[in-house]
Amino acid sequence: MKKLTAFRLAWTAIVVAATSLPYLLNWFATPAGYHYTWIIPPYPEDSFGYMAWAQQAAHGAWLFTIKYTALPHKAFLFHPFFLFSGWMSALFSGNIGVVFLVMKAIGVVLFFVAFYAYVDFLGLDPIQSTAASVLVGVSSGLGGILAFSGLVSRSLAPADLWLVEMSTYWSLLWNPLFPFSLTLMLLSIYWLDRGTREARSSDLWLAGLATGVMALIHPYSLPLLFAFAIVVTVIRRRANAFGYLCRYFALALPFVTYVTVVSQINPLVARHSALGEMKSPSLVVYLLGFGLPLFFCLAALMAKWTPLFKRYYQVLLWFFLSVVFAYLPFWFQRKLVFGAHVPLCILGGIAFAMLLGWCSRSTTRRWVVIIAAVIGLPLLVATPIYLFASQAKIARANADGAYYLSNEKMEGLRFLSTHSDPNDVVFATIATSRLIPAFAGNTVVWGHWAMSIDLKERRAWLGDLFKTGSNWDDEDRSREFWGTGIQYIFADGEIKLALETYPFMLRVILKEAEKVFENDSVVIYRRRKAS
């Protein structure tokens with residue numbers, strides 16, 4: 001037992017380091033004259049969106065608005081994770097990206113504490129538990145091997161190469177929220193499993209609370225958890241199932257109801273859902289993304305289906321529901337595969353131990369372990385290594401200007417942060433608009449693929465406003481531009497060039513504005529107050 005405890009402590013520390021190191025290496029590689037944004041690929045818009053939520057909390061908000069649209073709406077979102085992260089940033093005057101990194105490391109530790117508790121409850125022996133822990137910590141699918149071999153097809157790219165939710169390692173690496181989401185999901189499953197098996201009604205209350213809190217921070221997996229709770233409780237408790245389920249739903253439903261009502265009555269949230277549709281790829285893409293743990297699991301089931309199903313059917317059910325629900329008619333289909341890697345790795349650890357058990361002689365077992373390390377380990381870690389290398393390359397190249405910001409741009413963002421109100425609307429390029437809510441806290445007119453609900457309309461509006469030969473005169477153009485609620489112009493890149501190149505832009509736009517900040521790369525204009 002001491003050896004197992006020592007391994008678990010060491011393995012948790014290794015995974016914390018492996019999921020933090022890419023950020024630290026990118027920070028060390030920051031070019032002179034630049035600031036690191038403390039994000040890694042992919043999907044920088046989403047990372048900045050998370051920072052924008054926390055930025056609102058740092059400015060004192062309890063409920064959040066969507067910062068990537070200037071459409072008027074009231075604050076509506078209560079999100080404990082971003083609320084707490086924003087408070088920590090404000091309390092310690094820290095960079096929100098660094099706060100996220102620390103919070104993510106804490107989340108990784110909490111996940112493994114919950115994971116070890118669950119595999120102990122399931123009765124896994126030290127070999128099974130160790131194998132499952134290694135698999136859940138580093139394993140992915142076949143994407144890395146195929147990518148290194150140059151065999152990836154665009155139409156059948158394994159999901160572990162592009163879908164963050166596909167593997168536990170990538171979930172723990174990329175997103176500060178996901179470790180806590182995984183922990184709450186795992187705790188819900190654990191307490192539902194233990195409560196229904198051992199007739200511990202108190203566990204159903206705990207499971208409901210964990211599910212409810214998860215609804216506040218990451219609600220996509222709720223259909224899966226509800227289905228799991230109903231199936232397992234009915235099978236095990238039969239006549240008493242209703243009472244157990246009432247305990248579970250009594251604590252879960254108030255949180256779920258709040259989230260559901262907010263998403264239904266707020267028209268902006270409904271439009272965001274329509275824009276953010278996430279359909280699942282073909283099943284083959286998912287299967288390739290599960291890789292070696294799925295192979296272990298299938299091999300074990302074929303060899304000993306009856307005893308495995310009888311003892312671990314609830315773990316199989318978790319994985320089965322994740323895959324099936326990923327093809328149900330939800331707008332967030334892909335999100336439902338989140339967490340499926342965890343039960344798969346538990347079953348894979350059991351299968352690996354079975355393989356060793358079939359080897360009667362200790363010498364044979366030693367050779368099996370050696371062969372597994374030589375052949376299996378590269379398959380397990382190929383995708384994490386590929387992601388590590390490819391993400392570092394993208395970040396060091398500063399793709400889309402998302403990973404390193406020049407000192408001049410940071411000076412402009414800091415000016416907005418200290419001299420403007422968070423509710424002020426700032427007009428900037430789409431690329432710069434991604435950054436303003438995250439680093440300055442202001443509202444922008446666009447900048448996010450899903451949260452910029454009126455992006456198409458904004459593009460058309462701007463094109464019509466400044467189109468040569470349109471029916472707008474200068475007075476009307478100026479009135480229309482500033483009349484949309486814009487208070488500041490953050491002029492860099494294309495906007496700065498346009499204002500310097502086209503005199504009519506100066507005549508139309510800046511006639512109602514005053515210059516309040518300028519350096520070599522950025523000029524900030526503020527709308528003049530009405531006299």
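Attention in this report is confined to the structure presented alongside it. Source: prediction; values computed, not measured.

**Focus on the overall build of the protein**
A count of helices and strands for the protein gives 24 helices and seven strands. Computed over C-alpha atoms, the radius of gyration of the protein comes to 26 Å, within 12% of the 24 Å expected from 2.2 N^0.38 for 531 residues, which places it in the range of a compact globule. Expressed along its principal axes, the backbone C-alpha trace of the protein runs to roughly 85 × 50 × 45 Å. Considering the protein as a whole, with its 531 residues, one finds that 55% of them fall into the buried category. Look at the contacts in the protein between residues 6 or more apart in sequence, and 72% of them connect residues 24 or more apart. Just so you have it, the protein exposes about 23200 Å², and 66% of that area is on carbon and sulfur atoms.

**What to know about helix H13 (residues 283-290)**
By the burial criterion, the buried members of H13 are Val 285, Tyr 286, Gly 289 and Phe 290. The buried residues of H13 occupy an angular sector of 135 degrees when the element is viewed end-on, so they sit on one face. The elements touched by buried residues of H13 are helix H14 (292-303), helix H15 (305-325) and helix H16 (341-357).

**Comments concerning empty space enclosed by the protein**
Applying the stated rule across the entire model yields two cavities of 30 Å³ or more. The calculated volume of the largest cavity comes to roughly 140 Å³. Lining the largest cavity we find 14 residues, and of these Tyr 23, Trp 38, Phe 100, Trp 174 and Pro 176 sit closest to its centre. Residue assignment for the lining of the largest cavity shows that the elements contributing at least two residues are helix H2 (44-58) and helix H4 (96-121). A total of four residues in the lining of the largest cavity trace back to one element, the largest contributor, which is H4. Per-class residue counts for the lining of the largest cavity are 10 nonpolar, three polar and one charged. Considered as a void within the structure, the second largest cavity measures approximately 60 Å³ in volume. Lining the second largest cavity are Pro 22, Leu 25, Asn 26, Ile 40, Phe 388, Gln 391, Ala 392 and Arg 396. Those elements that place two or more of their residues in the lining of the second largest cavity are helix H1 (2-28) and helix H17 (362-396). The dominant element in the lining of the second largest cavity, judged by the number of residues it contributes, is H17, at four residues. When its residues are assigned to classes, the lining of the second largest cavity shows five nonpolar, two polar and one charged.

Here is what the cut-offs are and how they apply
- Every chain is numbered independently, its residues counted from 1 as its sequence is written.
- Given that the model is predicted, a residue must reach a pLDDT of at least 70 before its local features are reported, and side-chain atom pairs must reach 80 or more before they are shown or counted; all residues, however, enter totals for whole chains, interfaces and linings.
- Values reported for side chains reflect all heavy atoms of the structure, with hydrogen atoms and water molecules removed beforehand.
- By the criteria applied, helices consist of DSSP H or I runs no shorter than four residues and strands consist of E runs no shorter than two, each listed in order from the N terminus.
- Within these notes, the globule rule equals 2.2 Å times the number of residues to the 0.38 power, and the radius of gyration is based on C-alpha atoms.
- Whether a residue is buried, partly exposed or exposed follows from its accessible area with a 1.4 Å probe, protein chains only, as a fraction of its type maximum: under 20%, in between, or over 50%, in that order.
- Two residues form a contact once any of their heavy atoms are found within 4.5 Å.
- Reported accessibility uses the Shrake-Rupley method at a 1.4 Å probe radius. Residues are deemed covered only where the shown protein chains occlude them.
- Each C-beta atom gives one direction from the helix axis, and the arc is the one those directions make.
- Using only the protein atoms, space was sampled on a 1 Å grid; points where a 1.4 Å probe fits but cannot get out form cavities, open sets with protein on both sides within 12 Å along at least five of seven lines form pockets, and lining residues are those with an atom within 4 Å of a point.
- Grid points are joined across faces, edges and corners, and a volume is the space filled by probe spheres set on the points.
- In the scheme used here, Gly and all other residues not listed as nonpolar or charged are polar, with Ala, Val, Leu, Ile, Met, Phe, Trp, Tyr, Cys and Pro taken as nonpolar and Asp, Glu, Lys and Arg as charged.

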